[in-house]
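The chain contents come next:
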Amino acid sequence: MEKNGEKIVNPAAKGRETSEFLMAIVRTLSTSADFEQREKEKARIEKTFIQSDKRLGELVSENYQELAQITQDFSTISKSVNEAREKIKKIKDDLSSCKTLLHCKRDELRRLWIEGVEQKTMVAMLDQIEQIKEVPTKLDNLLLKKHYLHGTELVVNAVAKLENQLVGVEALRDLKAELITRKEQLHDVLIEELNKQIYIKSPNLSSLPGKRGSSVMKQDTLKRKGINGIPAPEKLEFGKEVKEDLNSNPEDDPAHFIAILVESLYMLRKIPEAAEGLKVKIQPELSAIVARTSQAILESSSNQMDSSSQSQCLLDFLESIFHQFRFVAHMHKVVLRNLHKIIISGVFTVSGVPVRQECLYDMTDVWSKIQAVVELLLREYLDVENTAASRQRAPTSFDEPSTDINSFFAKKRPAKPKKMALFRFDASIHAISTNSYVDDSRAFDTGDLFSSSLLAEMGLEKNQMVCKPSVYNITAIFKPLESFIREIEDAIACPDGTSSLQAFVTDFVQNIFLGQVHYTVLTSIGSATKVDEEDESFDALRHVVDHKTQKELGVSRPLLTSTVTVDKNLQELRELMQDLPDYADQFLNMICNTLKEYKDTCHSAYREIVQYDSDDRRVISAMWAKDEDISRFLRSLPSWRSLQSSSGQELATDDVCSEEEIKALNSKEAQILISNLTSSDGLIQQEIITDVTQMRTIANVHESVEWFSNRMKDFSNRLCARTNTTPAETAAAEYPPVSEKTLSSLRNLVKDFQDLAEICLLLLHLEVRVHCFYFLLPVAKQSNYAGPIDDLDPDSNVLKLNKDLSSMEEVLQQSLQPKKFKYIFESLGFLVASILMNSIQYMKKINENGIKKMCRNLFAIQQNLTNITMSREPDLDHARQYYELLYINPDDVITMIAEKGSQYTFQEYTELIKLHHRSHAALSPSQLENRMQKLKDVFFKTPNGD
C-alpha cells in the first residue's frame with residue numbers, strides 16, 4: 001500500500017524483516033574469521049543505525065502530537081481500570097455482607113413473598129370476574145351480528161372459568177347459571193341458523209313464473225358455479241383453519257358461514273345432537289318450502305284460473321320446488337363435509353369416546369326425505385287418493401289386428417225401425433250457457449277434493465293448492481319430474497337402480513293414469529258411438545258437427561260427430577305420447593285399440609245401411625263395390641285417378657286419357673253395368689237405397705273417414721320404429737320411437753279406414769247408377785209406346801228418376817266435396833242414354849206417339865242432368881237421335897249409313913230395324929231378313945263400321 005507516494009509496510013511483516021536482518025548480522029559476525037571483514041560489517045551496521053535513528057527522529061518530529069495524545073489516552077485508561085478493580089472488590093465485600101444478613105431474615109422474606117403472590121392472584125381473579133360479568137353483554141352483541149364463533153368461544157371459556165378457577169365464588173352463582181343456560185340455548189340458536197341457511201336462504205323467488213329456466217340449465221349452472229356463489233363441496237378447502245372476521249358480514253360467504261356454525265357446534269361438544277337435529281328437521285322444513293312456494297305462486301297468478309294457466313302454475317310450482325330442493329341438498333352436502341372433517345380428524349369425543357361417522361346422517365337420508373315430500377305432493381296434485389279406488393287398468397299389449405275390409409259384409413240381424421227424435425235442446429243457446437256457467441263455477445272448487453291428513457302433513461291449506469288436483473296433471477310435469485328423478489338416482493346411486501320416487505311415478509302412470517286415460521277415451525268415444533236403446537241400432541253415423549266446429553277444423557263439408565270425437569281423443573293420446581315419452585308404446589296401443597273399435601263400429605253401421613233383409617242380401621251397389629273385378633275396373637277409370645291426384649297423389653303422364661279413350665272407358669263401364677243388371681228378365685226389387693238420408697250418411701261417412709284416415713296417415717308417417725332409429729334421429733323426432741309391431745298395426749288400421757272411405761265413395765257412384773236402372777228398365781218393359789196421341793207426357797218412372805236424382809243431388813252436394821260430387825254424377829248421361837238405347841229390345845212395338853214419348857223422356861232427363869252437372873249431356877242428344885231414326889224407313893236408314901257412315905253400333909241398328917218390323921205387322925219375316933243382310937253388307941263396308 002502507498003500513502004502520499006510512500007509505501008506503507010505492514011508492521012508484522014516489518015518486524016519479521018527486522019528479526020531476519022539481525023540474525024543475518026549475528027550469523028555474519030560469528031562466522032567471519034577475518035577481523036577486517038568484521039570491521040566492515042560493523043561500519044556498515046553503524047552507518048545503517050545512524051540512518052535509522054535519523055529517520056526515527058524525523059518521524060517523531062512529524063507525529064509528535066498523535067504520540068502525545070496516545071500517551072495521554074493510555075494513562076486515562078490505565079487509571080479507569082484501576083478504579084474499576086477497586087469498586088469490584090468493594091461490591092464483593094458488600095454482597096458477602098448482604099448474604100450474611102439475608103440468611104438471618106429468611107422466614108420473614110418468605111412470608112412477604114407469599115403475600116405478594118396472593119395479592120397478584122386476587123387482582124387476576126378480580127379482573128376475570130369483571131370480564132365474566134361483561135360476557136352476557138358481549139355475547140348479545142356478537143350474536144346480534146351473527147359472529148357465532150367468537151360468541152361460542154366467549155361463552156365456553158366463561159363457563160369453563162366459572163367451573164374451574166372461579167368455582168368457589170358464591171357471588172357468581174347466578175351468573176354461572178345464566179351462562180350455562182345461554183350456552184345450552186346457543187346450541188339451539190346454531191341449529192336454527194344452520195336450518196335457516198339450508199332452507200330459508202334457498203333461492204325460491206328465482207323459480208316463479210317469468211323467472212324460471214329449464215331444470216337442465218339450472219343443473220348445469222349449479223355444477224359450474226355452485227349455488228348462489230357457493231362452490232361445490234368437493235372444491236372446498238377443509239384443511240384450512242376456520243377463522244371469523246369481526247369486521248365483515250358472515251353471511252356474505254355462506255359456505256364459510258356454515259363452517260363457522262359447525263365449528264361453533266364443535267366447541268359446544270354438540271356435534272351428535274346437531275346432526276340428529278338437522279336430520280329430524282329435514283322433512284318439516286321441506287314441507288315449509290312447499291307451503292311458502294305454493295303461496296307465492298298463488299299470489300303471482302291469482303286471476304288465472306283456466307286449465308292451461310293452471311297447468312303452467314303447477315309446472316312453475318314444481319320447477320321452483322325442485323330448484324329449491326337442489327339447493328337444500330347442496331347445502332346439506334356442505335354441512336356434511338364440515339361435520340366429516342371434524343369426525344375424521346378424531347379430535348371430537350363424547351365422554352372420552354370418539355364420535356364415529358355412523359352417528360351422522362348422510363345424503364341418502366336427505367334425498368330420501370326429498371323424495372318423500374315430492375311423493376306426498378304428487379299424491380295431492382295427481383289426486384291419487386280419489387282415483388286409486390276407481391282405477392281402470394289400461395291394456396298392456398296390442399295384438400296386430402287381422403282386418404279384412406270385406407268384414408262389414410258379414411251377416412247382420414235385421415234392424416228395427418228407428419224412432420227418430422224430432423228435435424233436442426242440448427245444443428241450444430240456453431243449454432250451452434247454463435252448462436258453461438256450471439262448469440265455470442266448478443272449475444276451481446277444490447272444497448272436498450283434498451285429503452285433510454295429507455294437507456296437514458304438507459303444511460298446506462285447501463286454498464293453497466295452485467291448481468285443481470287431477471291425474472292429468474302428470475302430463476305437464478312428467479319431463480321435469482323425470483329429470484329431477486334422474487338427478488336423485490345419480491346422486492344416491494340407487495342399489496336396485498330405481499329410486500322410491502321413480503317407483504311411485506311408474507306405479508301411478510301404469511296402474512292409475514293409463515287406466516284413467518283408457519277409461520276416459522272409452523267413455524268419450526262410447527258416448528259418441530252409442531247404441532240407441534229403442535232399436536239397438538248404431539247412432540254413430542247420424543250426427544254431424546256444427547258449422548262452428550266445421551270451420552275450426554278447416555273442412556268444407558260436414559264431418560261425423562263420432563269421427564271428430566274419436567280424432568279429438570286420439571289427438572290427446574298423441575299429445576300424451578309427447579308429454580310422457582317413456583310410455584309412448586302404451587299410448588300407441590290405446591290409439592290402435594281405439595281405431596280398431598271405431599273401425600268395427602263404422603263397419604257395423606255401414607252394414608245397417610247396405611243390408612235390408614234378414615237374409616244375407618245387400619243392396620246391389622254394395623255387392624258391386626265388393627266385387628273385385630268391378631271395383632278394380634272402377635278404380636282404373638280416369639275419373640277415379642283424378643280424385644287420387646287431387647288428394648295429393650300426382651297423376652302420371654301415362655294415366656292421362658284422350659276424349660275418345662274416356663268415352664270408350666265410359667262405354668265399357670256402362671256395358672258392364674248393363675250386362676250385370678239386364679241379364680235376367682226380372683226387374684230390380686228393392687235392392688237399392690230408397691232413403692235419401694242414408695245416402696247422406698254414407699257421404700258423411702266417406703268424408704269423415706277420409707279426413708280421419710289422412711290425419712292418422714300423417715301421424716303414422718311421423719312415427720319411427722325403435723329398431724331403425726339412431727340417437728340423433730330420436731332427439732330430432734317429433735314423437736318418441738315406438739315398437740315396430742305396433743307401428744305396423746297402426747298403418748294397417750289406417751289402410752283399413754282408407755279402404756272404407758273408398759268403398760263408400762264407390763258405393764255412392766254405383767248407387768246413383770243402380771237408381772237409373774231401377775227407374776229406367778221398367779220404362780221399356782212395362783210402358784206402352786203404341787198408345788193414343790194424348791199419351792205424350794214423359795213416363796212416370798222417368799219423372800220418379802228425375803225426382804230421385806234431384807234429391808240425391810241435394811244431399812250429396814251438401815255432403816261431398818265438388819270433385820267427388822262431380823265423380824258421382826259424371827258420365828251419368830252416357831249411362832242413361834245407353835240404358836234407354838239398350839232397352840229398345842224390350843219394346844214390343846212403337847208408333848209415332850211412342851217415339852215422341854221416348855224423346856220426351858230423354859229430354860226430361862237431359863234437362864235434369866244439365867241442372868245437376870251444369871253440362872249439355874250430348875249423349876242424351878245422341879240417344880234421342882237414335883229413337884228419331886224410327887221415323888225413317890229402315891231402307892232409308894241403311895242408305896244413310898252407306899252415304900254418311902254409321903253413328904251407332906251394328907247391334908243398335910239391328911234392334912232398331914227389329915222394333916220397326918214388330919211395330920208394322922204387315923211386314924213379313926223375309927223382308928226383315930233381307931234388310932238385316934243389307935244392313936250387314938252396308939255396315940261392314942263403311943269406314944265407320946265395326
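**Q** Would you mind showing me how to read the overall build of the chain here?
**A** Within the chain, the secondary structure is distributed over 35 helices and four strands. Sequence separation of at least 24 residues holds for 79% of the intrachain contacts in the chain that already meet a minimum separation of 6. Accessible area of the chain: about 51,700 Å², with a carbon and sulfur share of 52%.

**Q** Even after reading the chapter, I still don't get the environment of E826, so can you show me in this structure?
**A** By the secondary structure assignment, E826 is in the loop between helix 29 (818-825) and helix 30 (828-838). E826 sits 39 residues away from L865 along the chain, and the two C-alpha atoms are 9.7 Å apart. Once you skip the residues sitting within four places of it in the chain, E826 turns out to touch S639 and R769.

**Q** I keep staring at the packing of aromatic side chains and nothing clicks. Help me out?
**A** In this description, an aromatic ring pair is defined by two values, namely the gap between the centres and the angle between the planes. Under the criterion given, the structure shown has 22 aromatic pairs. Relative to F753, the ring of F708 has its centre 5.3 Å away and its plane inclined at 80 degrees; by these criteria the two rings are edge-to-face. Highlighted residues: F708 in helix 25 (residues 692-717) and F753 in helix 27 (residues 740-781), separated in sequence by 45 residues. No difference in accessibility class separates F708 from F753, as the two residues are buried. Judged by centre distance (5.7 Å) and plane angle (80 degrees), the rings of Y882 and Y883 are edge-to-face. On the accessibility criterion, Y883 (0% relative accessible area) is buried.

**Q** Please explain the packing of helix 27 against helix 29 as it appears in this structure.
**A** Helices that pack against each other are described as a pair by the angle of their axes relative to one another and the distance between those axes. Where helix 27 contacts helix 29, the axes come no closer than 8 Å and their chain directions differ by 40 degrees. Compared by their axis directions, helix 27 and helix 29 come out oblique. Contacts from L761, L762, L764, H765, V768 and R769 in helix 27 reach K820, Y823, I824 and F825 in helix 29. In terms of residue class, the contact of helix 27 with helix 29 is built from seven nonpolar, one polar and two charged.

**Q** Help me out: how do you make sense of the confidence of the model for the chain in this one?
**A** Note: predicted coordinates in regions of low pLDDT should not be interpreted at a detailed level. Per-residue pLDDT for the chain has a mean of 78; in total, 77% of the residues score no lower than 70. Counted against residues more than four places away or in other chains, residues 425-434, with its pLDDT under 50, gives four contacts. Segment residues 436-454 is flagged for pLDDT under 50; beyond a separation of four residues in sequence, or across chains, it makes 27 contacts in the model.

**Q** Which parts of the structure should I look at to understand the packing of helix 33 (residues 890-900) against helix 34 (residues 906-919)?
**A** Interaxial distance between helix 33 and helix 34 falls to 10 Å at its minimum, and their mutual angle equals 160 degrees. Regarding the angle of helix 33 to helix 34, the classification is roughly antiparallel. Both helix 33 and helix 34 take part in a crossing whose hand is right-handed. On the side of helix 33, the interface is formed by P890, V893, I894 and I897, while helix 34 contributes Y909, I913 and H916.

**Q** Could you clarify how one ought to interpret the pattern of salt bridges in this entry?
**A** Oppositely charged side chains can pair when the atoms bearing their charge come close. Counted under the stated rule, the structure contains 24 salt bridges. Note that E487 and R326 form a salt bridge whose closest N and O atoms lie 2.7 Å from each other. With E487 in helix 16 (residues 474-492) and R326 in helix 11 (residues 307-345), this residue pair connects regions lying 161 residues apart in the sequence. Across the pair, R326 and E487 agree in class, each one buried. Here D567 and R711 are joined by a salt bridge, their closest N and O atoms 2.9 Å apart. Here the residue D567 occupies a position in helix 19 (residues 561-579), and R711 occupies one in helix 25, the gap between them amounting to 144 residues. Through salt bridges with shared partners, a single ionic network connects K146, E193 and E251.

**Q** Help me out: how do you make sense of helix 5 (residues 135-144) in this one?
**A** Each α-helix winds once per 3.6 residues, and so residues spaced three or four apart point in a common direction. Every buried residue belonging to helix 5 is among V135, P136, L139 and L142, and all of these are buried. Summarising the axial view, the buried residues of helix 5 lie within an arc of 125 degrees, below the 170-degree limit, and thus occupy one face. K146 lies just past helix 5 and shows a positive phi near 60 degrees.

**Q** Which parts of the structure should I look at to understand the nonpolar core?
**A** F587 and L746 are the most contacted members of the largest nonpolar core, which totals 217 residues. With 23 residues, helix 27 is the single largest residue contributor to this core. Apart from the residues within four sequence positions on either side, L746 is in contact with L588, I591, C592, L595, M712, F715, S716 and L719.

**Q** Even after reading the chapter, I still don't get the side chain of R557, so can you show me in this structure?
**A** Tracing the backbone through its elements, the reader meets R557 in the loop between helix 18 (547-553) and helix 19. Here R557 occupies a buried position and makes no salt bridge, while the nearest side chain of opposite charge, E703, is found at 6.1 Å. At 3.3 Å, the side chain of R557 and the backbone oxygen of Q813 are in polar contact. Within the structure, R557 has its side chain in polar contact with the backbone oxygen of L816 (distance 2.6 Å). Residue contacts for R557: discarding those within four places in its chain leaves Q550, E703, Q813, Q814, S815, L816, Q817 and P818.

**Q** Even after reading the chapter, I still don't get the environment of E809, so can you show me in this structure?
**A** Relative to the elements of secondary structure, E809 occurs in helix 28 (residues 796-815). Each C-alpha atom, one on E809 and one on I868, is 6.8 Å from the other, the two residues being 59 residues apart in sequence. Discounting chain neighbours no more than four positions away, the residues touching E809 are F821, F825, N867 and I868.

**Q** Would you mind showing me how to read helix 12 (residues 363-381) here?
**A** Compared with an ideal rise of 1.5 Å per residue, which puts 19 residues at 27 Å, helix 12 spans 27 Å between its outermost C-alpha atoms and is within 8% of the ideal. Backbone geometry just after helix 12 places D383 at a positive phi near 55 degrees.

**Q** What am I meant to see in a nonpolar patch on the surface here?
**A** On the surface, L56, V60, Y64 and L67 cluster together to form a nonpolar patch covering roughly 400 Å² of accessible area. Residue assignment for the nonpolar patch shows that the elements contributing at least two residues are helix 2 (35-62) and helix 3 (64-104). Relative to the elements of secondary structure, L56 occurs in helix 2.

Parameters and conventions
Note on numbering: residues in each chain are counted from 1, in written sequence order. Local features are withheld for residues below a pLDDT of 70 in this predicted model, meaning they are given only at 70 or higher, and side-chain atom pairs are given and counted only at 80 or more; totals for whole chains, interfaces and linings count all residues. With hydrogens and water stripped out, all remaining heavy atoms of the structure feed into the side-chain values. Strands are runs of DSSP state E lasting at least two residues, helices are runs of H or I lasting at least four, and both sets are numbered from the N terminus onward. Whether two residues are in contact is decided by their heavy atoms: any pair within 4.5 Å suffices. All accessible-area figures derive from a Shrake-Rupley calculation using a 1.4 Å probe, and residue coverage is judged against the displayed protein chains alone. The aromatic pairing rule takes the rings of Phe, Tyr and Trp, using the six-membered ring of Trp, and pairs them if the centres are within 6.5 Å, calling planes under 30 degrees apart stacked, those over 60 edge-to-face and the rest tilted. For every residue, the accessible area obtained with a 1.4 Å probe (protein chains only) is divided by the maximum for its type, and the residue is called buried under 20%, exposed over 50%, and partly exposed between those limits. Geometry is summarised by axes, namely lines fitted to C-alpha atoms with helices restricted to the contacting stretch, and by angles between N-to-C directions that run from 0 to 180 degrees. Angular relationships are summarised with four words: roughly parallel below 35 degrees, roughly antiparallel beyond 145, roughly perpendicular across 65 to 115, and oblique for the angles in between. Side-chain classes follow a simple rule in which Ala, Val, Leu, Ile, Met, Phe, Trp, Tyr, Cys and Pro form the nonpolar group, Asp, Glu, Lys and Arg form the charged group, and the remainder, Gly included, forms the polar group. A score between 0 and 100, pLDDT records how confident the predictor is in each residue. Helix crossings get a hand from a simple test, with the near helix turned counterclockwise from the far one by less than a right angle marking a left-handed crossing and a clockwise turn marking a right-handed one. Each reported salt bridge corresponds to a side-chain nitrogen of Lys or Arg within 4 Å of a carboxyl oxygen of Asp or Glu. The arc in question is the one traced by the directions running from the helix axis out to the C-beta atoms. Side-chain atoms within 4.5 Å are what join buried Ala, Val, Leu, Ile, Met, Phe, Trp, Tyr and Cys residues into a set we call a nonpolar core. Think of it this way: Lys and Arg go in the positive column, Asp and Glu in the negative one, and His and the chain ends go nowhere. Polar contacts, as used here, are pairs of N or O atoms within 3.5 Å; protein pairs need one atom able to donate a hydrogen and one able to accept it. Residues neighboring in sequence count only if both atoms are side-chain atoms. Here the expected length of a helix is defined as 1.5 Å per residue gap, with one fewer gap than residues. The patches described consist of residues with a relative accessible area above 30% and no salt bridge, like charges being joined within 9 Å and nonpolar side chains (Val, Leu, Ile, Met, Phe, Trp, Tyr) within 5 Å.

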